[in-house]
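The chain contents come next:
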Amino acid sequence: MRGAQAVLPPLHGEGRRGGAEPGWGAKAAHSARTDPTLTASRSVPPHKGEGESGALLIHGYASLWGVADLNGDVVARGAFADSLGRTGAGGVRMLHQHEARAVVGVWDEIVEDDRGLFVRGRIADWSAEARYAQALSRAGALDGLSIGFRTGKARRDGRLRVLSGVELWEVSLVTFPMLPGARFRPV
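First, a word on scope: everything that follows refers to the structure included in this document. These numbers come from a predicted model, not from an experiment.

**Considerations on the pattern of salt bridges**
Tallying each qualifying case throughout the model produces 7 salt bridges. One salt bridge connects Arg101 with Glu129, and the closest N-O pair in it is separated by 3.8 Å. Of this pair, Arg101 sits in strand β5 (residues 99-112) while Glu129 sits in helix α2 (residues 128-139), and the two are 28 residues apart along the sequence. Given a relative accessible area of 64%, Arg101 falls into the exposed group.

Here it is as structure tokens:
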């Protein structure tokens, strides 16, 4: 399609330091939350950690309040509220390694809580890339989360950039999250 191309955030902070597009970045966080609502009862249970359609159920934190990432970005509590109020979880894509062509699942829940931005979703089996992401996740070889976003509001605090307004576009499953301890896990 000529003329109307989608603009997506660059990988892991590209464009922020020495690049052409300021305001883009990536963020991730460690998964340590257990949520009893993630394991719904089923008449015929699928394999452990899998949804009814063969999807792999996962959860984790895509951002933590007040934790600096490798680019020096810190997300303030409530930074995603306006964006999520407009789009909900359905407006945020689940990608593999921030690749726009690699939509590997869907996010069923994205909420701000006391710790950060909690996400719950399903890695699908609808494409080779999605099945690859499932296999890597099951093996423990893929467990990082990273966000693609546009900065709405930020301020400087020394070497840090404090983000107080973020337009969330996607949460990716990544090998190397921008926040070194950032992780998700199968339910």
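After presenting the structure, the write-up continues.
**Notes on the nonpolar core**
Judged by nonpolar contacts, the single largest core of 29 residues is most densely connected at Phe80, Trp107, Ile110, Ile123, Leu168, Val171 and Leu173. Elements supplying a minimum of two residues to this core: β2 (56-64), β5, β6 (116-123), α2, β7 (144-157) and β8 (160-174). Considering every element that reaches this core, the biggest residue donor is β8, with 5 residues. Apart from the residues lying within four places of it in its own chain, the contact partners of Ile123 are Ala55, Leu56, Ile58, Met94, Val104, Gly105, Ala130, Ala133, Gln134, Ser137, Leu173 and Phe184. Core analysis: the second largest hydrophobic core is formed by 5 residues, Leu64, Phe118, Leu179 and Ala182 among them.

**As for the pairing of β2**
Among the 9 residues of β2, 9 are classified as buried, and the element is accordingly described as predominantly covered. As judged from the 3 bridges shared by β2 and strand β9 (residues 184-186), these two strands associate in the antiparallel manner. If you follow Ile58 over to β9, its bridge partner there is Pro186.

**Some details on the side chain of Gln134**
Positionally, Gln134 belongs in helix α2. Sequence-distant contacts of Gln134, that is, excluding residues within four places in its chain, are made with Gly54, Ala55, Leu56, Ile123, Ala124 and Asp125.

**Here we look at the environment of Arg161**
Note on placement: Arg161 falls in strand β8. The exposure class assigned to Arg161 is buried, which follows from its relative accessible area of 9%. A polar atom in the side chain of Arg161 sits 2.9 Å from the side chain of Asp73.

**Things to note about unusual backbone geometry**
Phi angles above zero are rare outside glycine, and Gln97 is one such case at about 55°. On the secondary structure map, Gln97 appears in the loop between β4 (93-96) and β5. Judged by its relative accessible area of 25%, Gln97 is partly exposed. The backbone of His98 shows a phi angle near 65°, a positive value even though the residue is not glycine. Mapped onto the elements of the fold, His98 is located in the loop between β4 and β5.

Procedures and definitions
Residues numbered from 1 in each chain as written. Predicted model: local features only at pLDDT ≥ 70, side-chain atom pairs only at ≥ 80, totals over all residues. Heavy atoms only, no water. Salt bridge = Lys/Arg side-chain N within 4 Å of Asp/Glu carboxyl O. Helix = DSSP H or I, 4+ residues; strand = E, 2+ residues; numbered from the N terminus. Buried < 20%, exposed > 50% of the residue type's maximum accessible area, 1.4 Å probe, protein only. Core = buried A, V, L, I, M, F, W, Y, C linked by side-chain atoms within 4.5 Å. Contact = heavy atoms within 4.5 Å. Pairing = 2+ DSSP bridges. Polar contact = N/O pair within 3.5 Å; in protein donor to acceptor, adjacent residues only side chain to side chain.

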